[in-house]
Amino acid sequence: KPRGVDHIGIAVTSIDEAASFYRSHFQLDIQDVVEVPEQGVRVAFLPLGSVTLELLEPLGENSPVQKFIDKKGPGLHHLAIAVEDLQDRLTQMKRSGVQLIDEEPKTGAQGHPIAFLHPKSTHGSLLELVERKDESADGH
Ligand code: CMX
């Protein structure tokens, strides 16, 4: 079974403006901001209890997050589920016909192995699988 929700990705047009909202109304502070050019995003992490909110700001027009905002507007973008043995999961899902975006794990914004599943195969939600080797799912 999965270990829990790792983080929730939220597409925003401006990290600064979105962070100001979460700070003013929920007293949540950004822990870290990193750029992940391979994914076309700038990412801010806001710890919220056992889950982290991940604010995703597009880096450039070809960013998948920019495409998402153009199409659907800012908002909930993906749900990241913490799993053990990511590669095994991917192999099993592929065998069962699930459409994978990443057939091999890659390194995510927080440095852990991650992989995305295509929303066409998941009843509409973009799902990310995250493997954290040395922490529990709530160990941010
Ligand atoms: N949630 C739900 N559905 C989504 C979606 C999302 N976040 N993003 C795209 N889709 C849907 C689209 O609405 C579209 O559906 P229809 O065909 O019914 O219109 C379909 O998926 C294809 O979308 P598209 O706009 O044509 O875009 P692409 O096929 O070029 O890309 C996707 C879609 C999911 C493969 C791409 O966005 C991707 O690879 N995402 C994973 C990587 C990512 O998002 N990285 C940023 C986060 C980085 C991080 O957390 O580290």
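Placed above this text is the structure.
Given the structure is predicted, the values throughout are model-derived calculations rather than measurements.

Participant: Could you give an account of the site of the ligand, naming the residues involved and the relevant values?
Facilitator: Around the ligand sit 20 residues, and of these Gln39, Glu54, Lys67, His77 and Lys120 come closest. The side chain of Lys120 places a nitrogen or oxygen atom 2.9 Å from an oxygen atom of the ligand. When the ligand is considered free in solution it has 970 Å² of accessible area, and contact with the protein chains removes 74% of it. When atom positions are compared with the pocket grids, the ligand is found to occupy the largest pocket. Of all elements in the fold, only strand E4 (51–58), helix H2 (64–72) and strand E5 (75–83) reach the threshold of two or more residues within the shell around the ligand. The biggest single contributor to the shell around the ligand is H2, with 6 residues. For the shell around the ligand, the per-class residue count stands at 9 nonpolar, 5 polar and 6 charged.

Participant: Lay out a positive patch on the surface in plain terms, naming residues and giving numbers.
Facilitator: Together, Lys67, Lys71, Lys72 and Lys120 line one region of the surface with positive charge. When you line up the elements, Lys71 lands in helix H2.

Participant: Could you give me a rundown of unusual backbone geometry, with the residues and numbers involved?
Facilitator: Excluding glycine, most residues fall at negative phi; most peptide bonds, likewise, are trans. Despite not being glycine, Gln27 has its phi angle at roughly 55 degrees, a positive value. Topologically, Gln27 is positioned in the loop between helix H1 (15–26) and strand E2 (32–36). Assessed through its relative accessible area of 60%, Gln27 is described here as exposed. Phi angles above zero are rare outside glycine, and Asp85 is one such case at about 55 degrees. With respect to the helices and strands, the residue Asp85 is situated in the loop between E5 and helix H3 (86–95). The class for Asp85 is partly exposed, based on a relative accessible area of 48%.

Cut-offs and rules
- Residues numbered from 1 in each chain as written.
- Predicted model: local features only at pLDDT ≥ 70, side-chain atom pairs only at ≥ 80, totals over all residues.
- Heavy atoms only, no water.
- Near = heavy atom within 4 Å.
- Polar contact = N/O pair within 3.5 Å; in protein donor to acceptor, adjacent residues only side chain to side chain.
- Areas by Shrake-Rupley, 256 points an atom, 1.4 Å probe, with all protein chains shown as cover.
- 1 Å grid on protein atoms, 1.4 Å probe; cavity = no way out; pocket = protein on both sides within 12 Å on 5 of 7 lines; lining within 4 Å.
- Sits in = over half its atoms within 2 Å of the grid points.
- Helix = DSSP H or I, 4+ residues; strand = E, 2+ residues; numbered from the N terminus.
- Nonpolar A, V, L, I, M, F, W, Y, C, P; charged D, E, K, R; others polar.
- Patch = residues over 30% accessible without salt bridge, like charges linked within 9 Å, V, L, I, M, F, W, Y side chains within 5 Å.
- Salt bridge = Lys/Arg side-chain N within 4 Å of Asp/Glu carboxyl O.
- Lys, Arg positive; Asp, Glu negative; His and termini not counted.
- Charge placed at Lys NZ, Arg CZ, Asp CG, Glu CD.
- Buried < 20%, exposed > 50% of the residue type's maximum accessible area, 1.4 Å probe, protein only.

Keep in mind these values describe shape, not function.
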